[in-house]
Amino acid sequence: MASAGGTASGLHGNDGRRGAGSDDARQHVVVIGAGYAGLSAALELAQRGYNVTVFEKLAQVGGRAQVVTSPDGRFVFDAGPSWWWMPELYDAVLDRYGLVSQLAMTRLDPAYTVVLPNEATVQVPGSLPQLLDLADELDPGHTLRALFDEASIKYKAAVDEWLWKPMISWTELIDPGLAAAALTSDMLGSFESHVAAHTASPLLRMLLKWPAIFIGASPRDAPALYSLMTYAGHARGTWYPAGGLSAPARELANAATAAGVVIRTNEPVIKLSATESHISSVCTPQQCVSVDGVLAAADYHYVEQELLPQHLRRYTSRYWARRQLSPSCMLFFLGLEEALPGLGHHTFFFDTGLDEHLSQVFDFGQHAAAPTFYVTAAARTAPEGATAPPGGDALFVLVPMAYALNGTDTPALRAAVLEQVLDRMDARTPLASGASIRSVLAYNASYGTSEFELDFHALRGNAFGLANILSQSLVFKPSMTSGARNMVFAGHMTNPGPGVPPSMISGIVAAGVLDEQLSSHSHSTELVNFMLVGAKWVACGAVVLHAAVLAAVLLSTRVASYAHCISLFYRHGRTYFLASTLFDPVRFVDTAAMYALFRVADDCVDVVGASAEAKRAALGKFMAAFWAGLEAGAGEYHEHPVLPAVIETVRRRGYSANLFATFFASMSMDVETKVCETWDETWEYMRGSAAVIGDFMLPLLIPGDDEKAKRARAKALAHARDLGYGFQLTNMIRDIGEDLELGREYVPREECRAHGVTLAARAPDAPGWRGTIETVMAKAEACYASADVGIAMLPGDVRPVVALARAMYSELHPAIRSAEYNVFSGRVVVSGRRKLELAARMVPLLPLLRITLAKTYAAVLCCAVALAEPLAGVAFLAAALSESERWMLPSMVSYAGLHAVVTIPLVCGVWAVAVRRAPTRLLAAGGMWSAALALVAFVYTTPWDNYLVYRQVWGYGGAAAVVGVVGWVPVEEYAFFVLETLLVGGVWVVMASQSDDRGEQRWSGEAVTRRRRLGLGVLAGAWLAGARAASGRGTEYLGLIAVWALPVLALQWAAGAGVLLHEWRVWLPTVATSASALCVIDMWSISHGLWRIAPEASIGELAQDLPVEEALFFVVTSTMCAWGLTLAVDACRRAEARGVALTAVVLEMLMPPTNVSSETMLAAFSHGIAATVVLALWVCGAEISLESQAAALVVTTCAIGLPHGALDPLLVLSGASFTRRAGGMAASWAVYVVLMGAMYAVWEAAPVAALSLFLALSIAHFGEGDAPVGSMCDATWLIHAIEVFARGGAFLVATTTHRAQVAAVFADLVDGQELGMLMTLLSLLRWAHFVAVVGSAARHVQRLETRAAAVGLADLVMLNVLFGTTPPLVGFMVYFNGFHALRHVVRVQTQLAPAILSRSSLGACVVAAIVAGAFVAWQAGGTSLVHGVSGATRGVFVLLSVMATPHMALVACAALQS
Ligand SMILES: Cc1cc2nc3c(=O)[nH]c(=O)nc-3n(C[C@H](O)[C@H](O)[C@H](O)COP(=O)(O)OP(=O)(O)OC[C@H]3O[C@@H](n4cnc5c(N)ncnc54)[C@H](O)[C@@H]3O)c2cc1C
């Protein structure tokens, strides 16, 4: 049947008028495919003046609207579409070309017949009023009139507007009509729910929802927008064109031919040749023709993936593999000698239940055991004999099939399906005679997925194209445009979608798009192309340069420091900055560094509302760091980011320390409120704050140590100082208002009195005001005049720089005059245009260009400095993951593996940077609050995430692919909540440590209130929209995110809008960075199948493999965390500033002033983890298999536990070793290796003994090492032993509470050998341990006032609960990694020599974590960290004990020695 003879093929051969590619001045366009889309496109293109050739693979036009004729010619079938809906669209298409259809159209009434399960049959009326009458009978309470009213609005908007959009850009969605419709009607909710909301009648629901199948989606997943289909069918009628549904195609083809289009059937396109960006020729087996443009109206996937050269493809094979297709179908063409009286023109056999069928096909991708089907008997309407011999029937039977069944379409299946179809027709619509239909079956042919593939190159044998779920609608459909600049796509896979009318429209719209492409192409001159290429290269160069700068900022603290200075210079001293860009680079960065020094010092004392003590402390701290740096010859970045640059500049320029002393002395005067009574006081103040600038600038302007330079400097000095005075006086006038707020009056009161004004009156209208200001200006201008003399003395290369700065600054005077001397209502500024004018007048063109470029780049750098590191980090992560195919990563894909290799190292890395950068208090606050927020995030997200999985919105690779499942959610996902919070916390600390918000806008109370209200309004609106969206399947995820997250954001905004507005420089980059990193991880994970988002619950992808909702999720969750941290830390700061007693106590606990890693913090952290695990397991009551426990232990131990052994080399280095003899280090290492070897030998020879030894050593090591500092100071040896045993032996609790599991684990470790007495011994020890715990607890209670005792007691309780309630390996995992390893790191650090800094040890741990992770991944055979992990468990455990034995001994030695 594949090449069933067409009745119209003779019409479309080459008519010889004009061959393809004939010599024609018009541009030549080839259309591939003569389906409805190709034909309408050809007509449109011809109309637009193109020379058009259509190549069609098959023998007839019409595409899927084929005609099948039986060999004897008696039976004729419409082999594809048989429902003619939206007839006005066909008329509208013809109307475009001034044509009127000659085909007679018959409206079917009844429209169709439905065979129901309960022996009943319904004739569905052919018009809406009759249908509503039927509805009144079936369900008097229905509201279908409202449904149809709403649907009619959608239908009209679609037919008039939406269908005609190419949907190649998001901007097309910015459509007031669309927005209004989305707000006023149900567009995005589930179609099924939409229908259900209007009637309770099952029959009516069925009649209204089945049209969704026409667009290839289950009614549940299709958006309610498609109720317009129901309207189209029931209100606009079902029609039958004379000649069947291929007749209009033939009519279109005739019209096209008449318009000069050449249609070549039986000539498939087999190749597209291309240049870099254009298709140059199209080849068929018969010929190759050169083309100006191509419109592909054959199946999109085939043309793009098979014909289009790789570099011009827009989509990847993975993209296509992930598309959800409409169900396909199995067709039967049955010629009967006798008609079936029970059949209408269209008859649905829903006798086996529509919902069951839909569920099988859509949800499970299975072949329905008793499928529904429909039958078209065109003979009911067609003239007698046109489709079947008189008295007979030509039946077209369509059985929907899941597209996933592609490849299972076998003759046996077809035969079985046909048997069932015939049986059911026999039963429900029998022959009049009662005989079986088989007895009158004269012709029988079938058609299925194999033929769709063969005839149409249909993707996976689909019949109807893509499923029209929301995530594949509108702009999410495959785009009409391609990578080639002269080729577009049309047809049912593009917008607006499947069906004859939409396909026709897509052809017309695509033709318009191609026309636009070709006409702009023809107008584009070579010059434009040349400029475009040039611009591309310039842009590439700029990107590369910028990347290099970012890399330098990232890698070098020195460069980062200079970048920070430049950013301050740009942000706060724009005029000087612009002028200074004319310097050579070294002088420019030196100027920036000195400016930054003055600015930072100034800012210390310019804080509105801060007390004098606070200002003095801030300035003192900065001065101390500066002097320390000056003395050491290098500034410390972590003391202040500007210091390394400042000190380097000071050294390079050889400034005397006296200058700084003068400057700082002047700054110290600003700490107190300052009022200048006389001009002398004002000049005195300015000497240190302004004139000194002249001293600083001269060595920059006139460099050199020779006598000549010195003389020149000496001569210019007074003028340089005058320039400083001039600047300061101008400044003083402009900032009178701001200074008043800080309690400062620099315009002397004697001057004010002389003019009869006071500054505090803030009255620019006062009679003497103008005179006062003019007097100060006159003094400033006198200074500028003197400065001009000095400027003339400067070397020619720097003269314009200073002259420009002077000109721009003094330009403030006219600006103040034109502001009527009002310096109180906002800052008076010189406009950018005026500055440019001045520059243009004073500076030649090239330097002017340089100023402009520098300004632009500084603006970029200003943002980039803050984001350099994180962005580089994200880029690195993305690059690493995209390259991961080459490594072992994908082969060991598992969620736990992702954490081990990507997420945990990422979090560690971020915190490592935070530790390096952040001052101690910020680090402490950030760390503590991140941990606290992680707990909150865990609790708040758990129920929500469980619901997501339960609703099948979010899913993972099945129970086998994860360590364990608690509730509905895998444990790795729970870990993700915590890890994400920690990641955001780390980034936040880094950002906060480098943020410099002084001089930024301060938000006044009213402005905050306004913004608070506005923000809350927006959030409330978004929440309502989210709540509504959550009820529709297509928008469920989006809605659930909004419903869950927005209340928290609203709460945070309500509580701290002011703080958040002020601190945006911290949280915004934090959110941007964290969310991007998480999106990158998400894309990778989704594309590797670690988790998935149900496509039907998502509105689509933002980028490949990244659903919009996932990106949104990461943005909102990062925002929640970043805002939470900002508010919490700010609250602490304020509480501290106010000295609130209770908060101060909490602060004391949360932010220990000296040691970040205090025991209290660690204890709280460890207890938090343990309590969470205990609680979570208790609440969920989940059973976790031993294998899953082992996997979790292995993964977490790799990341945290093993690395703590990395401190050993540091211990040995610092002298804490097995021996203190000369050459002790080598000896220590020798002992170390021997101990390892010995332990390994014991494991080989006597595993049970090795295990026993290991347990004994562990009790001692844990007990000794983890006890709180100070808890054993005054202990006798017996008490000491009891304490050690009570604490270190906590794991013994599990030998009674989980005896069987412990025995199983031990049996595994000793490789199946007999455990002998070991278990009995452990039970006995357990009871001894109980006694020790009671004794130890009593001792702690006695001394509870000490922190050590409190921590010790809390530890005892928590550890016993932990081991008593959780499965043994889970308990051990939490203890070993959450308690021991962390505390151990802290403890060992206190034993290290001071030279060995905590940073080195932390660095060692991070490196060890990565190495350990890689090792275990390798151990696991490159398959998975989780799958088949049991084999690795023993290996890891033995390795652990072999490494741990010398480690334990070493630590014990270190403890003894210290
Ligand atoms: C069984 C069935 C029933 C349907 N029922 C209805 C219905 O009742 N009502 C309705 O409105 N819609 C219905 N449809 C959908 C409708 O038929 C299609 O959406 C529409 O016809 C698609 O038109 P098109 O031009 O995009 O693609 P097609 O009709 O598939 O045209 C593509 C053309 O490209 C040709 N081609 C492929 N490869 C090449 C090549 N390499 N070189 C040259 N030519 C090539 C093909 O031979 C084909 O002729 C039905 C579809 C099917 C399959």
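In what follows, the accompanying structure is described. Since this is a predicted model, take the numbers as computed values, not measurements.

Some points on the site of the ligand
By nearness alone, 37 residues border the ligand, and Glu56, Arg64, Trp83, Val269 and Gly499 come closest of all. In the model, an oxygen atom of the ligand is placed 3.2 Å from a nitrogen or oxygen of the Tyr36 main chain. Between the ligand and the protein, one listed contact pairs a nitrogen atom with a backbone N or O atom of Lys57 at 3.1 Å. Across the shell around the ligand, the residue classes break down as 22 nonpolar, 11 polar and 4 charged.

Structural notes on the packing of aromatic side chains
Tallying each qualifying case throughout the model produces 71 aromatic pairs. Ring geometry for Tyr315 and Tyr319: centres 4.1 Å apart, planes at 15°, overall stacked. For Tyr315, a relative accessible area of 14% translates into the label buried. Given a relative accessible area of 9%, Tyr319 falls into the buried group. Summarising the aromatic geometry, the rings of Phe598 and Phe696 are spaced 5.0 Å apart at their centres and angled 50° between planes, so their arrangement reads as tilted. Of this pair, Phe598 sits in helix α19 (residues 585-605) while Phe696 sits in helix α23 (residues 679-701), placing them 98 residues apart in sequence. By relative accessible area, which is 12% here, Phe598 ends up buried. Given the relative accessible area of 0%, Phe696 is considered buried. By the ring-pair criterion, three or more aromatic residues cluster together here, those being Phe77, Trp83, Trp85, Tyr112, Trp210, Phe333, Phe348, Phe350, Tyr374, Phe396 and Tyr443. Lys779 extends its terminal NZ or CZ atom over the ring of Trp679, reaching a point 4.7 Å from the ring centre.

Some words on the sheet that holds strand β6 (residues 112-115)
Across the sheet, which stays open at both edges, the 7 strands sit in the order β7-β6-β15-β16-β17-β14-β18 with mixed pairing between neighbours. Looking at strand neighbours, the two that pair on one side only are β7 (121-124) and β18 (441-447), the edges of this open sheet. Averaged over all pairs of adjacent strands, the angle between strand axes in this sheet comes to 20°, irrespective of strand direction. Note that strand β14 (residues 328-336) and β18 share 6 bridges and pair antiparallel.

A few points about the environment of Asn444
Here Asn444 lies in strand β18. Here Asn444 falls in the partly exposed class, since its relative accessible area comes to 40%. Considered as a pair, Asn444 and Phe333 are 111 residues apart in the sequence and their alpha carbons are 5.6 Å apart. What Asn444 contacts, discounting residues up to four positions off in sequence, is Phe333, Leu334 and Leu418.

Here's the deal with the nonpolar core
In this structure, Trp988, Leu1251 and Phe1306 are the most contacted members of the largest nonpolar core, which totals 139 residues. Among the elements that make up this core, the one with the highest residue count is helix α36 (residues 1036-1062) (14 residues). Residue contacts for Trp988: discarding those within four places in its chain leaves Leu922, Val1066, Thr1070, Ala1122, Leu1125, Thr1126 and Val1129.

Thoughts on unusual backbone geometry
The omega angle of the peptide bond from Asp109 to Pro110 is 0°, so this bond is cis rather than trans. Relative to the helices and strands, Pro110 is located in the loop between β5 (105-107) and β6. Cis geometry marks the peptide bond from Asn495 to Pro496; its omega dihedral reads 5°. Tracing the sequence through the fold places Pro496 in the loop between β19 (487-489) and α15 (500-523). The phi dihedral of His457 is positive, around 55°, even though this residue is not glycine. With respect to the helices, strands and loops of the structure, His457 is situated in the loop between α14 (449-456) and β19.

Reading the values: the criteria
- Residues numbered from 1 in each chain as written.
- Predicted model: local features only at pLDDT ≥ 70, side-chain atom pairs only at ≥ 80, totals over all residues.
- Heavy atoms only, no water.
- Near = heavy atom within 4 Å.
- Polar contact = N/O pair within 3.5 Å; in protein donor to acceptor, adjacent residues only side chain to side chain.
- Nonpolar A, V, L, I, M, F, W, Y, C, P; charged D, E, K, R; others polar.
- Phe/Tyr/Trp six-rings, centres within 6.5 Å; stacked < 30°, edge-to-face > 60°.
- Buried < 20%, exposed > 50% of the residue type's maximum accessible area, 1.4 Å probe, protein only.
- Helix = DSSP H or I, 4+ residues; strand = E, 2+ residues; numbered from the N terminus.
- Lys NZ or Arg CZ within 6 Å of the ring centre and 35° of its normal.
- Pairing = 2+ DSSP bridges.
- Axes fitted to C-alpha atoms, helices over the stretch in contact; angles between N-to-C directions.
- Contact = heavy atoms within 4.5 Å.
- Core = buried A, V, L, I, M, F, W, Y, C linked by side-chain atoms within 4.5 Å.

Limitation: the analysis is restricted to geometry and does not speak to function.
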